[in-house]
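# Descriptive structure summary
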Amino acid sequence: ALVRAIKSAHEQADRDVGGLYGVNTLGAVVGTIVSTFVLVEWLGVTRSMLLAVAINLVVAALAWRWGALESGERPAAATQSPAPSLSTGATAGAMSGTTTGAPTLMVLFVLFAAFVAGFVFFAMELAWYRLLSSLLGGSSYSFGLILTWALLGIAVGGVLYG
């Protein structure tokens, strides 16, 4: 919804973002399944969490390095220029609809709609957990199963849009 609200001049860019978001969320589905049904059994909760932290630190370092290479910076000279901002002037102007930074009514509506959708989605996850806990028991497996299906729905939507 946010991508549609700040739609670029290129329709394909929107579809690329949707597809990327879907594939990224499929990674979250795999992570949920593996962590819930495999890692906690093999490593326990604490070691599983430490493994997740380690993996996230490696991914962050790789992303930082890739960003530095893409922008033409030398990694040793990282202090020469600030880190690239995710919100460039063009993006900020597209979101606000003006050069003063005041958001347009459409952008505010989309942000509000995204908030409401996220809140309702989260509330439904809790309701599903409470409902299924009587059938499956109130365990991490129940929560992992619900989260897997919820994320799978988001991922499929993103991939289909892309």
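Details of the structure are given in the entry above.
Please read these numbers as outputs of a predicted model, since none were measured by experiment.

Turning to the overall build of the protein chain, a few remarks are in order. Each helix and strand in the protein chain was counted, giving five helices and zero strands. When the helices and strands of the protein chain are placed in sequence order, the string is α-α-α-α-α. Residues counted as buried form 15% of the 162 residues belonging to the protein chain. Counting only contacts in the protein chain whose residues sit at least 6 apart along the sequence, the fraction spanning at least 24 positions is 58%.

So, on to the layout of surface pockets. Within this model, the largest pocket holds a volume of roughly 570 Å³. Along the wall of the largest pocket there are 20 residues; nearest its centre are Gly31, Ser35, Leu39, Ser48 and Ala52. The set of elements that each furnish at least two residues to the lining of the largest pocket consists of α2 (11-70) and α5 (140-161). The dominant element in the lining of the largest pocket, judged by the number of residues it contributes, is α2, at 16 residues. Taken together, the residues that form the lining of the largest pocket break down as eleven nonpolar, nine polar and no charged.

We now examine a nonpolar patch on the surface. The grouping of Phe112, Phe115, Val116, Phe119, Val120, Met124, Trp128 and Leu131 at the surface amounts to a nonpolar patch, some 820 Å² of accessible area in total. On the secondary structure map, methionine 124 appears in helix α4 (residues 105-136). Of the residues examined, methionine 124 reaches a relative accessible area of 37% and is grouped as partly exposed.

Along the chain, serine 142 turns up in helix α5. Assessed through its relative accessible area of 1%, serine 142 is described here as buried. Those residues within four positions of serine 142 in sequence are excluded, and the remaining contacts are Tyr129, Leu136 and Gly137.

For glutamate 125, the location among the structural elements is in helix α4. Here glutamate 125 is buried and forms no salt bridge, its nearest opposite-charge partner arginine 130 lying at an N-O distance of 14 Å. Those residues in contact with glutamate 125, other than ones at most four positions away along the chain, are Ile146, Leu147 and Ala150.

On to the packing of aromatic side chains, then. The relative placement of two aromatic rings is captured by the distance of their centres and the angle of their planes. Within the structure shown, the criterion is met by three aromatic pairs. Consider the rings of phenylalanine 37 and tyrosine 141, whose centres lie 5.7 Å apart with planes at 20°: the pair is stacked. Taken as a pair, phenylalanine 37 in helix α2 and tyrosine 141 in helix α5 lie far apart in primary sequence, 104 residues in all. Summarising the aromatic geometry, the rings of phenylalanine 115 and phenylalanine 119 are spaced 6.3 Å apart at their centres and angled 25° between planes, so their arrangement reads as stacked. Here phenylalanine 119 and phenylalanine 115 lie together in helix α4, a separation of four residues that amounts to about one turn. Looking at phenylalanine 119, the relative accessible area reads 53%, which means it is exposed.

Thresholds applied
- Residues numbered from 1 in each chain as written.
- Predicted model: local features only at pLDDT ≥ 70, side-chain atom pairs only at ≥ 80, totals over all residues.
- Heavy atoms only, no water.
- Helix = DSSP H or I, 4+ residues; strand = E, 2+ residues; numbered from the N terminus.
- Buried < 20%, exposed > 50% of the residue type's maximum accessible area, 1.4 Å probe, protein only.
- Contact = heavy atoms within 4.5 Å.
- 1 Å grid on protein atoms, 1.4 Å probe; cavity = no way out; pocket = protein on both sides within 12 Å on 5 of 7 lines; lining within 4 Å.
- Points joined across faces, edges and corners; volume = space filled by probe spheres on them.
- Nonpolar A, V, L, I, M, F, W, Y, C, P; charged D, E, K, R; others polar.
- Patch = residues over 30% accessible without salt bridge, like charges linked within 9 Å, V, L, I, M, F, W, Y side chains within 5 Å.
- Areas by Shrake-Rupley, 256 points an atom, 1.4 Å probe, with all protein chains shown as cover.
- Salt bridge = Lys/Arg side-chain N within 4 Å of Asp/Glu carboxyl O.
- Lys, Arg positive; Asp, Glu negative; His and termini not counted.
- Phe/Tyr/Trp six-rings, centres within 6.5 Å; stacked < 30°, edge-to-face > 60°.

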